[in-house]
Protein chains: 2
Amino acid sequence: MTRIGILGYGNLGRGIELAIRQNADMELAAVYTRRDPATVQIETEGVPVKSASDLEAGTEPVDVIIIAGGSATDLPEQTPHFAKLYNVVDSFDTHANIPSHFANVDAAAQEGGHVALISCGWDPGLFSLNRLYANCILPEGADYTFWGKGISQGHSDAIRRIEGVADAKQYTIPVEAALDAVRAGENPQLTTREKHTRECFVVLEEGADAEAVEREIVEMPNYFADYDTTVHFISQEELDRDHAGLPHGGFVLRTGTSATGSPMTIEYSLKLGSNPEFTSSVLVAYARAVARLAAEGATGCKTVFDIAPAYLSAADPADLRARLL
Amino acid sequence: MTRIGILGYGNLGRGIELAIRQNADMELAAVYTRRDPATVQIETEGVPVKSASDLEAGTEPVDVIIIAGGSATDLPEQTPHFAKLYNVVDSFDTHANIPSHFANVDAAAQEGGHVALISCGWDPGLFSLNRLYANCILPEGADYTFWGKGISQGHSDAIRRIEGVADAKQYTIPVEAALDAVRAGENPQLTTREKHTRECFVVLEEGADAEAVEREIVEMPNYFADYDTTVHFISQEELDRDHAGLPHGGFVLRTGTSATGSPMTIEYSLKLGSNPEFTSSVLVAYARAVARLAAEGATGCKTVFDIAPAYLSAADPADLRARLL
């Protein structure tokens, strides 16, 4: 059995806890939290909730810690810190900062003699894998990534910070015409606006100025100004009833040509009922790989690019070849 | 530069020759043939065509030999034979015989201290990879593979063997309604007939009995009897004009649920202007990986399951992380 510790218990931590149940060779050893452990109620009976500080001695009985924190402030600090002490997996998703995060985590993991896997999930993660495979196979071509339809937590949060907004959810939606043009091999040059639209469901506070809120949303730099954005004002009841889930998904395409000019299209897509639950499933499969690599004596920071696919499976290699190859 | 030798010069061998041109870090060292080399005209100036027997001494100046033979009789004999002498890659695609082929090639490669990669291409190959990744991430779910729309060489050959048939091409076509049901998460149990249809374009010999030929096609066991098959009789000119290409493609889907029951769909698809040219591109990318594994001291038989994605790329790992992760 591979013993998994989870550090952090929000949507993602709980998703990891539940994903472990779908894998007979893995067990949840403990949940670690920065809150008072007595205040954290988990789903699994008989598994302890401990203080994150219990990890500091480096002696907790776990094979891999999955760090279920946020990329903005938690992971840049936590992953290097704990990679000195344990094998770790994170879902760091600030693409621009991956090189520096990798360097920090690699130094720590090498120092501690552990394996760390960063930026695991679906983007970065499975989408990255598909970009890499497709680039290697079609050296002459163009890459396209579309996200959605799904809830963007970052954009929903940005709306909620606006004065007069009580609550909000934002959907990122790929533009069907752009997807179709890519699939048709038209190799389009697409602007930000041409690739995605943004749809916002907003609950106003009592007495708030709807027109001002809408203007502030659609003109918000980086988040909305470069997109065609639709704003719907609804009640809290409607938001809770119709927009409670965290669906997401998207598409990775590469179109290219062979040396004789034959057109080729490689497309990968995900349609996810729950973004954090799917990310959790990916993290758990890769935690298995990390435990194995560590058992083989590997050390240092890895990404999904460095891990042979067979390491993700609990099945015997001969069984995989007979059944799935 | 990775020096590639090609053994066999048909559609696939020529595709490999041309695919190498799209990879600046690779060069074609030589083409090896069982025919008289003087009768084989290749596309690349200055590259020798040699006799396959020249390989026997194990001293040819190549890093990897890509064996471009057929799975029925060539590869079961050639791949183990040459894996004793060189690093090799093949596209062995008789799924049921992969375990025994693996065992034979592994023994030979271990004996010779070389790396061999078998069953590389798109199915087996990229489709297998996607079945494996999706199975590891969604342990509770169902797999679906659809092929087409594309030319099946085996089925076209089967028609051409019928008395009275001068020439023929057969398209395998996925049933759109079945694909849609899978995508909708309906988890359908699909019969052979419900998944694919077969469309045949047949040129009759002078005086042949069209009705008898059609009956023999649609009733042919294994090949056509279990499918809804359409037969069109056309002229050789029409066949040559409208059906000269070798397009293919297909879909790998896995639908499943998280531990809380959230539905998830992972879909991978290929749309290929030329089946042998795409297979060639995959073989060349994996030949790069084989050369690297061999340089690291690895030995034995591998499949796509055993190869970390980064090995396929000519780019530096840090560049891959910055650009594609």
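The notes below deal with the structure included here. Being a predicted model, the structure only gives us computed values, none of them experimental. (Residues numbered from 1 in each chain as written. Chains lettered and ligands numbered in written order. Predicted model: local features only at pLDDT ≥ 70, side-chain atom pairs only at ≥ 80, totals over all residues. Heavy atoms only, no water.)

### Digging into the overall build of chain A
- Along the backbone of chain A there are eleven helices and 14 strands.
- Rg of the C-alpha trace for chain A: 22 Å, near the compact-globule value of 20 Å for 325 residues, within the 12% margin.
- Seen through its principal axes, chain A has C-alpha atoms that stretch 65 × 55 × 35 Å.
- Counting only residues that meet the buried cut, chain A has 56% of its 325 residues in that class.
- Considering only intrachain contacts with a sequence separation of at least 6, the fraction spanning at least 24 residues in chain A is 68%.
- On chain A, roughly 13,000 Å² of surface is accessible, and the fraction owed to carbon and sulfur atoms is 46%.
- Within chain A, the 46 negative side-chain charges are centred at a point lying 5 Å from the centre of the 25 positive side-chain charges. (Helix = DSSP H or I, 4+ residues; strand = E, 2+ residues; numbered from the N terminus. Rg over C-alpha atoms; globule rule 2.2 N^0.38 Å. Buried < 20%, exposed > 50% of the residue type's maximum accessible area, 1.4 Å probe, protein only. Contact = heavy atoms within 4.5 Å. Areas by Shrake-Rupley, 256 points an atom, 1.4 Å probe, with all protein chains shown as cover. Lys, Arg positive; Asp, Glu negative; His and termini not counted. Charge placed at Lys NZ, Arg CZ, Asp CG, Glu CD.)

### Some words on empty space enclosed by the protein
- In this structure the tally under the stated criterion is three cavities of 30 Å³ or more.
- If you add up the space inside the largest cavity, you get close to 90 Å³.
- Considering the residues around the largest cavity, the lining is formed by Leu126(A), Leu129(A), Asn130(A), Tyr133(A), Tyr268(A), Leu126(B), Leu129(B), Asn130(B), Tyr133(B) and Tyr268(B).
- When residues of the lining of the largest cavity are traced back to their parent elements, those giving at least two are helix H4 (126-137) of chain A together with helix H4 (126-137) of chain B.
- Residues of the lining of the largest cavity, tallied by class, amount to eight nonpolar, two polar and no charged.
- Considered as a void within the structure, the second largest cavity measures approximately 40 Å³ in volume.
- Here the lining of the second largest cavity is built from residues that sort into three nonpolar, six polar and one charged. (1 Å grid on protein atoms, 1.4 Å probe; cavity = no way out; pocket = protein on both sides within 12 Å on 5 of 7 lines; lining within 4 Å. Points joined across faces, edges and corners; volume = space filled by probe spheres on them. Nonpolar A, V, L, I, M, F, W, Y, C, P; charged D, E, K, R; others polar.)

### Looking at helix H6 (residues 176-183) of chain B
All names here are of chain B.
- Every buried residue belonging to H6 is among Ala-178, Leu-179, Ala-181 and Val-182, and all of these are buried. What you see down the axis of H6 is that its buried residues fit within an arc of 160 degrees, all on one side.
- At its buried positions, H6 is contacted by strand S7 (141-147), strand S9 (165-174), helix H7 (192-195) and strand S12 (248-257).
- Positive backbone phi, at 75 degrees, marks Gly-185, one or two positions downstream of H6. (Arc of directions from axis to C-beta.)

### Regarding the pattern of salt bridges
- Counting across every chain of the model gives 30 salt bridges over all chains.
- Linked through salt bridges whose partners overlap, the residues forming this network are Glu176(A), Asp180(A), Arg183(A) and Glu267(A). (Salt bridge = Lys/Arg side-chain N within 4 Å of Asp/Glu carboxyl O.)

### Some details on helix H11 (residues 317-324) of chain A
- Taken residue by residue, H11(A) has Leu320(A), Arg321(A) and Leu324(A) as its buried positions. Looking straight down H11(A), one finds its buried side chains confined to an arc of 110 degrees; they lie on one side.
- Buried residues in H11(A) make contact with helix H3 (98-112) and H4 of chain B.
- A distance of 3.0 Å separates the backbone nitrogen of Ala318(A) from a side-chain oxygen at the start of H11(A), and that oxygen is part of Asp316(A). (Polar contact = N/O pair within 3.5 Å; in protein donor to acceptor, adjacent residues only side chain to side chain.)

### A short note on the nonpolar core
- Counting residues in hydrophobic clusters, the biggest one holds 154 residues, and the most contacted among them are Phe278(A), Tyr286(A), Phe278(B) and Tyr286(B).
- In this structure Phe278(B) touches Ile137(A), Leu138(A), Met264(A), Ile266(A), Trp122(B), Leu126(B), Leu270(B) and Leu272(B), once residues within four positions along its chain are discounted. (Core = buried A, V, L, I, M, F, W, Y, C linked by side-chain atoms within 4.5 Å.)

### Quick word on the packing of aromatic side chains
- Taken as a whole and assessed by the stated rule, the structure comprises seven aromatic pairs over all chains.
- Between Trp122(B) and Phe127(B), the aromatic rings sit 5.3 Å apart at their centres with planes inclined by 80 degrees, giving edge-to-face as the arrangement. Considered together, Trp122(B) and Phe127(B) belong to a single accessibility category, that of buried residues.
- Put simply, the rings of Trp122(A), Phe127(A) and Tyr268(A) touch in pairs and so form one group of aromatic residues.
- Geometry around Phe146(B) places Lys195(B) over its ring, the cationic atom sitting 5.2 Å from the centre. (Phe/Tyr/Trp six-rings, centres within 6.5 Å; stacked < 30°, edge-to-face > 60°. Lys NZ or Arg CZ within 6 Å of the ring centre and 35° of its normal.)

### A word on the interface of chain A and chain B
- With 63 residues of chain A at the contact, the number on the chain B side is 62 residues.
- With both sides pooled, the region where chain A packs onto chain B buries about 5,500 Å², and carbon together with sulfur makes up 66% of that total.
- Put simply, chain A and chain B have zero salt bridges between them.
- Counting across the chain A and chain B interface gives 25 residue pairs in polar contact (both at pLDDT 80 or more). (Buried area = accessible area lost by both parts, 1.4 Å probe.)

### A look at the sheet that holds strand S3 (residues 49-51) of chain B
Residue and element names in this part refer to chain B.
- Across the sheet, seven strands lie side by side as S3-S2-S1-S4-S5-S6-S14; this open sheet has parallel pairing. Because the sheet does not close on itself, it has two edges, and the strands there are S3 and strand S14 (300-302). With direction set aside, neighbouring strand axes in the sheet form an average angle of 25 degrees.
- Judged from the two bridges that link them, strand S5 (residues 88-90) and strand S6 (residues 115-117) form a sheet pairing that is parallel. Of the residues in S6, the one forming a bridge with Val-89 is Leu-117.
- Running at roughly 165 degrees to strand S1 (residues 2-7), helix H1 (residues 11-20) makes contact with S1, strand S2 (26-33) and strand S4 (64-67) of the sheet.
- Sitting on the sheet, helix H2 (residues 74-83) is in contact with S1, S4, S5 and S6, with an inclination near 165 degrees to S5. (Pairing = 2+ DSSP bridges. Axes fitted to C-alpha atoms, helices over the stretch in contact; angles between N-to-C directions.)

### With respect to a negative patch on the surface
All names here are of chain A.
- On the surface, Glu-163, Glu-205, Glu-216 and Glu-219 cluster together into a patch of negative charge.
- Mapped onto the elements of the fold, Glu-205 is located in the loop between strand S10 (196-204) and helix H8 (210-218).
- Overall, the relative accessible area of 41% leaves Glu-205 in the partly exposed class. (Patch = residues over 30% accessible without salt bridge, like charges linked within 9 Å, V, L, I, M, F, W, Y side chains within 5 Å.)

### Details of the relation of the copies chain A and chain B
- For the pair chain A and chain B, the best superposition has an RMSD of 0.0 Å and corresponds to a rotation of 180 degrees with a translation of 0.0 Å parallel to the axis. In symmetry terms, the pair is related by a two-fold rotation axis. Considering only C-alpha atoms, the residue of chain A closest to the rotation axis is Ala308(A), which sits at 1.9 Å.
- Taken together, the interface assignments show that 98% of the residues at the interface of chain A recur at the interface of chain B, consistent with an identical surface on both copies. (Least-squares fit on C-alpha atoms with pLDDT ≥ 70 in both.)

### Some points on the sheet that holds strand S1 (residues 2-7) of chain A
Residue and element names in this part refer to chain A.
- Ordered by their spatial adjacency, seven strands build an open sheet running S3-S2-S1-S4-S5-S6-S14, and the pairing between neighbours is parallel. Both edges of this open sheet fall to strand S3 (49-51) and strand S14 (300-302), since each of them pairs with a single strand only. Direction aside, the axes of adjacent strands within the sheet are offset by 25 degrees on average.
- Note: strand S4 (residues 64-67) against strand S5 (residues 88-90), three bridges, orientation parallel. Bridging from a neighbouring strand, Ile-65 pairs with Val-88 of S5.
- Each of S1, S4, S5 and strand S6 (115-117) is contacted by helix H2 (residues 74-83), which is oriented at about 165 degrees to S5, the strand it contacts most.
- Sitting on the sheet, helix H10 (residues 275-295) touches S1, strand S2 (26-33), S4, S5 and S6, and the angle it makes with S4 is about 145 degrees.

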